[in-house]
Amino acid sequence: MNEKVICPDCKNEIVLAEEVMVGDIVECGECGTEIEILSLNPVKFCELVEEK
Ligand SMILES: [Zn+2]
């Protein structure tokens with residue numbers, strides 16, 4: 001079963017790949033926001049803020 005997270009930016013539902021691991025970076029398909037997976041059970045993540 002694939003876990004899902006809600007994008008902190010646009011509230012889009014991001015489906016995590018089956019093989020996703022702690023520390024992986026997942027990108028929101030809608031707005032491009034990147035999140036880092038902190039834990040999987042339960043799923044916790046943090047938003048990566050890109051420095052400009
Ligand atoms: Zn998004």
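Just above sits the structure.
Quick caveat, the model's predicted, so the values are computed rather than measured.

Conventions we followed
Residues numbered from 1 in each chain as written. Predicted model: local features only at pLDDT ≥ 70, side-chain atom pairs only at ≥ 80, totals over all residues. Helix = DSSP H or I, 4+ residues; strand = E, 2+ residues; numbered from the N terminus. Rg over C-alpha atoms; globule rule 2.2 N^0.38 Å. Buried ≥ 20, exposed ≤ 12 C-beta atoms within 10 Å, placed from the backbone. Contact = placed C-beta atoms within 7 Å. Pairing = 2+ DSSP bridges. Axes fitted to C-alpha atoms, helices over the stretch in contact; angles between N-to-C directions.

J.: Mind laying out the overall build of the protein chain, listing which residues take part and the relevant values?
T.: Scanning the protein chain from terminus to terminus reveals 0 helices and 5 strands. In terms of overall dimensions, the protein chain is globule-like: its C-alpha atoms have a radius of gyration of 10 Å, near the 10 Å expected for 52 residues. Its C-alpha atoms give the protein chain principal-axis dimensions of about 35 × 20 × 15 Å. Looking at the protein chain as a whole, 8% of its 52 residues qualify as buried. For the protein chain, long-range pairs separated by at least 24 residues make up 14% of all intrachain contacts whose partners lie at least 6 apart in sequence.

J.: Give me the lowdown on the sheet that holds strand β5 (residues 43–48), citing residues and values where you can.
T.: In space, the 3 strands of this open sheet follow the order β3-β4-β5, with antiparallel pairing throughout. Of all strands in the sheet, those bounded by a partner on one side alone are β3 (25–27) and β5. When strand polarity is set aside, the average angle formed by the axes of neighbouring strands in this sheet is 35°. Inspection of the sheet shows strand β4 (residues 34–40) paired to β5 by 6 bridges, in the antiparallel sense. For Leu 40, the partnering residue across the bridge sits in β5 and is Val 43.

J.: Could you give me a rundown of the environment of Glu 50, with the residues and numbers involved?
T.: Structurally, the position occupied by Glu 50 is in the segment after β5. As for Glu 50 and Glu 27, which are separated by 23 residues in sequence, their C-alpha atoms are 12 Å apart.

J.: How would you summarise unusual backbone geometry if you had to cite specific residues and measurements?
T.: Comment: phi is negative for the bulk of residues other than glycine, and the bulk of peptide bonds are trans. A cis amide bond links Asn 41 to the next residue, Pro 42, at an omega of 5°. For Lys 11, which is not glycine, the phi torsion reads 65° and is therefore positive. Here Lys 11 lies in the loop between β1 (4–6) and β2 (13–15). Residue classification places Lys 11 among the exposed residues on the basis of 10 C-beta atoms within 10 Å.

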